[in-house]
Amino acid sequence: MTFDIERDYVKTGHFRRPSFEGIRSNVPRILDKMHENHIIGTFFLTPEVIANCEDLVAEIKRRHAVGLHSHAYYQPEFKGWNADGDSLACYSPDQKTRMILRDIGTYRHCLGKLRLFRIGRLEPDQTILKVVSEEGCQCDSSYHATNYGLLERLRVALKYDFKEKPVKYHLYGLEPSHLMRDQAVILVHPLTPPGKSDKEVYDENHLMRMIDISSRYCDPKDLTSCINTPQESPNGYD
Ligand SMILES: [Zn+2]
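So, a few notes on the structure that sits alongside this text. (Residues numbered from 1 in each chain as written. Predicted model: local features only at pLDDT ≥ 70, side-chain atom pairs only at ≥ 80, totals over all residues.)

The secondary structure content of the chain amounts to eight helices and eight strands. Buried residues in the chain amount to 41% of all 238 residues. Put simply, 65% of the contacts in the chain that link residues at least 6 apart link residues at least 24 apart. (Helix = DSSP H or I, 4+ residues; strand = E, 2+ residues; numbered from the N terminus. Buried ≥ 20, exposed ≤ 12 C-beta atoms within 10 Å, placed from the backbone. Contact = placed C-beta atoms within 7 Å.)

Below, the structure written as C-alpha cells:
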C-alpha cells in the first residue's frame, strides 16, 4: 500500500500557496488504522511536505518506509511553467535536472539517503529517472502498470540501476479481490480536506475497509521489501 503525501491539490491547485490541512487531518487517522492492523506501507512525500510538516513526517517514518515524490507544482525559480505547469514536460532537461537534484537534496537533508522514488502524476520522465538512478535510488514506482509494457521494462532494465515497482491500482478502482493477488502496488492520495468528497482522490471509508480486508487476506508490506538489503533500516535512512 503506497501513499502520495502532498499539498491539498483539490483545494489550492498547483498555483496558489499550498495548504496541508487535508493530510494533517487525514494521515494520522490512516496511521492509527494501519498500526492497529499491523500494516506497513510506503509514503512518498513531496519536498514541500517534508519542509512544512515535520511532525507528521516524523510520525510516518516511525513505522513506515518513506520516499520522495517530485511534482512540478508552480516553482517560480524555474521558468518553464505554463497553464499546464503541473507537468514536468513543461521544463527543459537542464531545468528538470536542477529541480530533481534540489528535491533529492531536501530529502537527504531531512530524511537521509534516497532509496524510494515516485514521480508526480505517474508521468515517468527519462531525464529525472536517470538522475534518480545515478543518485543511488534503489526502487522506483513512477509507472502505472498499464504503461509499463515490454519496451518500458527493457528501457528500465538497460538504463537504470533501480528496481521498478509499477502502481497496479488506485484506491478508487480497488476491489477486495485485488488484495488477494500478490505484489499489487496500491496508490492512495490521502489529501482531500474533511467535508469535501472527491472520491477519485480519497475515499476514507473505502480505504479503511480495504485496510481491514487486506489485514485478513494478505500481508501488506512496504516497497523496501523489493530491495535486497535486509540488514538496512526499513525507513530508508542510515
Ligand atoms: Zn502526486
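Here we come to the sheet that holds strand E2 (residues 42-45). Strand order in the open sheet formed by eight strands is E6-E5-E4-E3-E2-E1-E8-E7, with parallel pairing between adjacent strands. Each having just a single partner strand, strand E6 (163-164) and strand E7 (169-170) make up the two edges of the open sheet. Where strand E5 (residues 139-140) lies against E6, two bridges are found, and the strand directions are parallel. The partner of cysteine 139 across the bridge, within E6, is lysine 163. (Pairing = 2+ DSSP bridges.)

Residues of strand E4 (residues 116-119) alternate between two faces, with Leu116 and Arg118 on one and Phe117 and Ile119 on the opposite face, all of them buried. Two elements, strand E3 (residues 65-70) and E4, share three bridges in a ladder whose sense is parallel. Bridge pairing in E4 places serine 70 opposite isoleucine 119. Note that E4 and E5 share two bridges and pair parallel. Its bridge partner being in E5, phenylalanine 117 is matched across the sheet by aspartate 140. With helix H6 (residues 126-134) bridging E4 and the parallel E5, this β-α-β connection has right-handed handedness. (Right-handed = clockwise from strand over helix to strand, strands pointing away.)

Moving on, we come to the nonpolar core. Residues Ile5 and Leu45 are the most contacted members of the largest nonpolar core, which totals 56 residues. Filtering out sequence-adjacent residues up to four positions away, isoleucine 5 remains in contact with Ile23, Val27, Phe43, Phe44, Leu45, Thr46 and Val49. (Core = buried A, V, L, I, M, F, W, Y, C linked by C-beta atoms within 7 Å.)

This paragraph deals with unusual backbone geometry. If you check the backbone angles, histidine 38 has positive phi at about 55° while not being a glycine. By the secondary structure assignment, histidine 38 is in the loop between helix H2 (21-36) and E2. The exposed category is assigned to histidine 38, around which 10 C-beta atoms lie within 10 Å. Despite not being glycine, leucine 122 shows a phi value in the positive range, around 50°. With respect to the helices and strands, leucine 122 occurs in the loop between E4 and H6. Overall, leucine 122 belongs to the partly exposed group, with 17 C-beta atoms counted inside 10 Å.

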